[in-house]
2 protein chains.
Amino acid sequence: METHKLIYYLRKWTNIKDEEAGVILTAFEPISLKKKEELIVPGETCEYIYFITKGCVRSYFVDDKGNDHIFQIRMDNSWIGDLESFYSHQPSKYYIESLEETQLLRIKEETLDELFLKVPALERYFRILFQKAYVNALNRLSDQMWEPAINRYHNMLKEHPDMFQRVPLVYIASYLGITPESLSRIRKQR
Amino acid sequence: METHKLIYYLRKWTNIKDEEAGVILTAFEPISLKKKEELIVPGETCEYIYFITKGCVRSYFVDDKGNDHIFQIRMDNSWIGDLESFYSHQPSKYYIESLEETQLLRIKEETLDELFLKVPALERYFRILFQKAYVNALNRLSDQMWEPAINRYHNMLKEHPDMFQRVPLVYIASYLGITPESLSRIRKQR
DNA sequence: TGTATTTCTTAACATAGATCAAGTGTAAAA
DNA sequence: TTTTACACTTGATCTATGTTAAGAAATACA
């Protein structure tokens, strides 16, 4: 019997017994998105968090002038959702949209809370997940504040080369906090 | 018997029984810092995480040109430490320094891991703590990327008015990602 | 296969915020 | 009380990145 991808990733940081793995898997519901389909939109409450088994999505908001601002791009084997809306039950401010055909597993808060009681190792997994996500966000913040755009671009090229194969540069520019024109100029310099 | 401050804050998000509270409290070690004393310095591994019971600290790094870049300012009843170094056992890149006389509670990773096994509710507390910290860091990132400095200043004034009473503007400027000169100009405009 | 649409680049000009260099207050130290 | 160091402000100039506008390339579509 082959181990499910999700379980494979959970086991990287925690001990999940086989019977627990079964309980976990039945709690998640698989869904799929075509290219450019919306997973969440502003005004609606984000009722699920999602694990991307295959594909690519972006989280962004639209400002008063109608410009997109992308703060997350996530690909295979990562989590996505509006955590703020998910836990506060308040309407989301964000869009989350697929950039290609995407397969996800979703879970509701109630179901997740029940799982945490049945499988404490899962709560440990999420503790570690958020801890790492927090450290990453702080590092990204620090780069955004004090590294010039050209360095941010080169770091991204090194750390996520795969994104450049799958995601249009307009989106990558926004994720880097610059305009597509600036990115284009940066790329011209060697 | 009065409840300890730390327990009071843990109980905001989790159920800690009285006997568990005792176990937790004995695992933490109180320390105190004079004004401008260093808690961690680059090159050393951060072996503890700290809960500030009273006082104020900043986390920052120093770039090639010798400029400080402050990415965190924390006051009473919050957690501080270099999580990346703490969990990876790699040398820290940061300084953490007190800005005033400060009292803290510290705990080692081993001790914390043992506590997590004895008191699962504590691991839940940290799961929620990191989750919230992550959401905050993403919001701060988004502001840094797409809000002009003047808005970031006004938001900070609204959300942390207390900091302006206790922290010099030079540090607040760095935290906002601008120079003291720019902050001064922003403040002049009404 | 040709046409439309999206993606990417280029150039001229504008601007927020940085840098450099003095200066003024203010508070600790002597 | 005077000195010294730190905190804050001001002005002149500079620079990275944004804005606007156009066109070229690439991709999807008919």
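Residues numbered from 1 in each chain as written. Chains lettered and ligands numbered in written order. Predicted model: local features only at pLDDT ≥ 70, side-chain atom pairs only at ≥ 80, totals over all residues. Heavy atoms only, no water.

A few points about the protein's contact with DNA strand C
Residues in contact with DNA strand C amount to 16 residues; listed here are only the nearest, A:Leu169, A:Ser184, A:Lys188, B:Ala149 and B:Ser182. When the atoms of DNA strand C within 4 Å of the protein are grouped by moiety, sugar and phosphate amount to 70% of the total. Here a sugar or linking oxygen of DNA strand C sits 3.1 Å away from a polar atom, N or O, in the side chain of A:Ser184. Between a base nitrogen of DNA strand C and a side-chain N or O atom of B:Glu181, the distance comes to 3.3 Å. Elements represented by at least two residues in the surface near DNA strand C include exactly helix 8 (169–176) and helix 9 (180–188) of chain A together with helix 9 (180–188) of chain B. Per-element tally for the surface near DNA strand C: the top contributor is helix 9 of chain A, with five residues. Its residues placed into classes, the surface near DNA strand C shows six nonpolar, four polar and six charged. (Near = heavy atom within 4 Å. Polar contact = N/O pair within 3.5 Å; in protein donor to acceptor, adjacent residues only side chain to side chain. Helix = DSSP H or I, 4+ residues; strand = E, 2+ residues; numbered from the N terminus. Nonpolar A, V, L, I, M, F, W, Y, C, P; charged D, E, K, R; others polar.)

Observations concerning the packing of aromatic side chains
The tally for this structure, following the rule as stated, stands at 34 aromatic pairs over all chains. Geometrically, the ring pair formed by B:Phe116 and B:Phe126 is edge-to-face, given 5.7 Å between the ring centres and 70° between the ring planes. Highlighted residues: B:Phe116 in helix 4 (residues 109–118) and B:Phe126 in helix 5 (residues 120–146), separated in sequence by ten residues. The same class applies to B:Phe116 and to B:Phe126, which are both buried. Judged by centre distance (5.9 Å) and plane angle (45°), the ring pair of B:Phe126 and B:Phe130 falls under tilted. Highlighted residues: B:Phe126 and B:Phe130, both in helix 5, separated by four residues, approximately one helical turn. On the basis of relative accessible area, B:Phe130 is assigned to the buried category, the value being 4%. Through a chain of ring-to-ring contacts, the aromatic side chains of A:Tyr8, A:Tyr9, A:Trp13, A:Phe28, A:Phe51, A:Trp79, A:Phe116, A:Tyr125, A:Phe126 and A:Phe130 assemble into a single cluster. One cation-aromatic arrangement involves A:Arg140 over A:Tyr175; the distance from NZ or CZ to the ring centre is 4.0 Å. (Phe/Tyr/Trp six-rings, centres within 6.5 Å; stacked < 30°, edge-to-face > 60°. Buried < 20%, exposed > 50% of the residue type's maximum accessible area, 1.4 Å probe, protein only. Lys NZ or Arg CZ within 6 Å of the ring centre and 35° of its normal.)

Notes on the protein's contact with DNA strand D
Of all residues adjacent to DNA strand D, which total 15 residues, the nearest are A:Ala149, A:Ser182, B:Leu169, B:Arg185 and B:Lys188. Atoms of DNA strand D within 4 Å of the protein belong to the sugar or the phosphate in 53% of instances, the rest to bases. Note that a phosphate oxygen of DNA strand D is positioned 3.0 Å from one of the backbone N or O atoms of A:Ala149. A distance of 3.2 Å is found between a phosphate oxygen of DNA strand D and a backbone nitrogen or oxygen belonging to B:Val170. Of the residues forming the surface near DNA strand D, the biggest block, four residues, is contributed by helix 9 of chain B. Taken together, the residues that form the surface near DNA strand D break down as six nonpolar, four polar and five charged.

Notes on the interface of chain B and chain A
The interface is formed by 35 residues belonging to chain B together with 35 residues belonging to chain A. When chain B packs against chain A, the two sides together hide about 3,300 Å² of surface, and 65% of this comes from carbon and sulfur. Of all residues in chain B, B:Arg127, B:Tyr134 and B:Trp146 bury the most surface against chain A, accounting for 22% of the area lost on that side. Between chain B and chain A we count four salt bridges in total. A:Arg127 serves as the salt-bridge partner of B:Glu123, at 2.9 Å between the closest nitrogen and oxygen. Between chain B and chain A we count 16 residue pairs in polar contact (both at pLDDT 80 or more) in total. Those elements that place two or more of their residues in the side of chain B that touches chain A are strand 5 (68–75), helix 3 (83–88), helix 4, helix 5 and helix 8 (169–176) of chain B. Broken down by element, the residue count for the side of chain B that touches chain A peaks at 18 residues, all from helix 5 of chain B. Here the side of chain B that touches chain A is composed, by residue class, of 20 nonpolar, eight polar and seven charged. (Contact = heavy atoms within 4.5 Å. Buried area = accessible area lost by both parts, 1.4 Å probe. Salt bridge = Lys/Arg side-chain N within 4 Å of Asp/Glu carboxyl O.)

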